[in-house]
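Working through the structure, step by step
Okay, here's what each chain looks like letter by letter:
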Amino acid sequence: MLSTTINKYSYITCRYLPPFFEYQYRIRYYHREETQTIDEIQHPSVRECLRFLEIKRGVDIVHHGDLPAQSGLGSSSTFTVGLLHALYTLKHQMPTKRELALNAIRIEQDLIKESVGSQDQTAAAFGGFNKIEFGGNHEIIVKPIVMEPRRLDHLQHSVMLFFTGLSRTASNVAEEQIRNINAKKVHLGDMAAMVDEAVRLLLQPGEDLRDFGRLLHEQWQLKRQLASRISNPEIDAIYETGIRAGALGGKLLGAGNGGFMLFLAEPETQERIRQALPHLLYVSCRFDFLGSQIVYFSQEDFF
């Protein structure tokens, strides 16, 4: 698969909870939880990350995110990766990016038992613009796409993101795709073959990025056929409107049925596309190359 991370972040603060409260665990996200035990924690990722790392002391966890949950941009897996990273650091351990990705995959797939893939966890842990190959539960190969700077800048300025306003649970949408794998092997094979062609187009300076847009369009047409819930009439109308307004290609990001629509468009056509979709929130973005990072760490421990 071909993947890039963008400059929209999930911020997580972790600390051992001072011993003055009537609860052991305080978790603040769009809900607030105060519990005595890990088992009482409702947030599945928080609960299983604490279990996985065998955190014995009370913990205070606060999350702020740049993007809404269930939006198709990997925010849930980014949260799991970031929380694992913070909890490892709290235990004075520093995992590799590969360890972060594999452990986040294990937590979401095996412990929480969600019907999710492995790409979002890997992208969040490693960061960057990469070709990612998966070979089973424990084999991840991340190959950076090293483009000529001006060409990379042109690509970034050609990317448009629109929030459809529709949210969904990725695991629910993915369940049908998983059931259809055997019946859709030809489609999946065609989509996989497009990755190498896309990499070739990006790395060859003489290739026209309009051809990359064409590939995005073809990939989206194939993806729509993998399951009935990937698209819907509202999403189809958004896509067709963007194409008619001048977009070279695009796709719905994530599992499908909501979230963000991506278009590839030359800069001179982008204002026309925004005007054609006035009811959607346009989100500017740039590629990010760092992956999960510890922004601040203090070794002070007063309790």
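Going by the structure above, here's the rest.
Here goes a summary of the coordinates provided. Not measured: the values here are computed from a predicted model. (Residues numbered from 1 in each chain as written. Predicted model: local features only at pLDDT ≥ 70, side-chain atom pairs only at ≥ 80, totals over all residues. Heavy atoms only, no water.)

1. Section: the environment of T269
Heads up, the condition is: In this text, helices come from DSSP runs of H or I with a minimum length of four residues, and strands from runs of E with a minimum of two, each type numbered from the N-terminal end. Between two residues, a contact is recorded if the distance between any of their heavy atoms is within 4.5 Å.
Tracing the backbone shows T269 in the loop between β10 (260-264) and α10 (270-276). Considering only alpha carbons, one finds T269 and L248, 21 residues apart in sequence, at a separation of 9.7 Å. Residues in contact with T269, not counting those within four places in the same chain, are A245 and G246.

2. Side note on the packing of aromatic side chains
What counts, and what does not: Stacked, tilted and edge-to-face are the three classes assigned to paired rings of Phe, Tyr and Trp, where Trp is represented by its six-membered ring and a pair needs centres within 6.5 Å; plane angles under 30 degrees give stacked, over 60 edge-to-face, the rest tilted. Burial here depends on accessible area, computed with a 1.4 Å probe over protein chains only, as a share of the maximum for the residue type. Under 20% is buried, over 50% is exposed, and the range in between is partly exposed. Here, a charge over a ring means that NZ of Lys or CZ of Arg falls within 6 Å of the ring centre while also lying within 35 degrees of the ring normal.
With the rule as written, the count across this model stands at nine aromatic pairs. When the centroid spacing of 5.4 Å and the interplanar angle of 20° are considered together, the rings of F21 and Y23 count as stacked. The class of F21 is partly exposed, set by a relative accessible area of 35%. Here F163 and F260 contribute two aromatic rings whose centre-to-centre distance is 4.9 Å and whose plane-to-plane angle is 35°, an arrangement assigned as tilted. Remark: F260 occurs in strand β10 and F163 occurs in strand β8 (residues 159-163); sequence separation between them is 97 residues. With a relative accessible area of 2%, F260 lands in the buried category. Taken together through their ring pairs, the aromatic side chains of F162, W220, Y239, F263 and Y282 make up a single cluster. Directly above the ring of F21 sits R26, whose terminal nitrogen or CZ lies 4.9 Å from the centroid. The aromatic ring of Y282 is capped on one face by R274, whose charged end is 4.9 Å from the ring centroid.

3. Focus on the pattern of salt bridges
Where we set the bar: In what follows, salt bridge is the name for a side-chain nitrogen of Lys or Arg lying within 4 Å of a carboxyl oxygen of Asp or Glu.
Applying the stated criterion to the full structure yields 18 salt bridges. Ionic pairing is found between R47 and E48, a salt bridge with its closest N-O pair at 3.2 Å. Judged by its relative accessible area of 18%, R47 is buried. What makes E48 buried here is its relative accessible area of 7%. A salt bridge links E133 to K131; the nearest nitrogen and oxygen atoms lie 3.3 Å apart. Using a relative accessible area of 16% as the deciding quantity, one classes K131 as buried. Through salt bridges that share partners, R15, R26, R28 and D60 make up one connected network.

These values are about where atoms sit, not about what they do.
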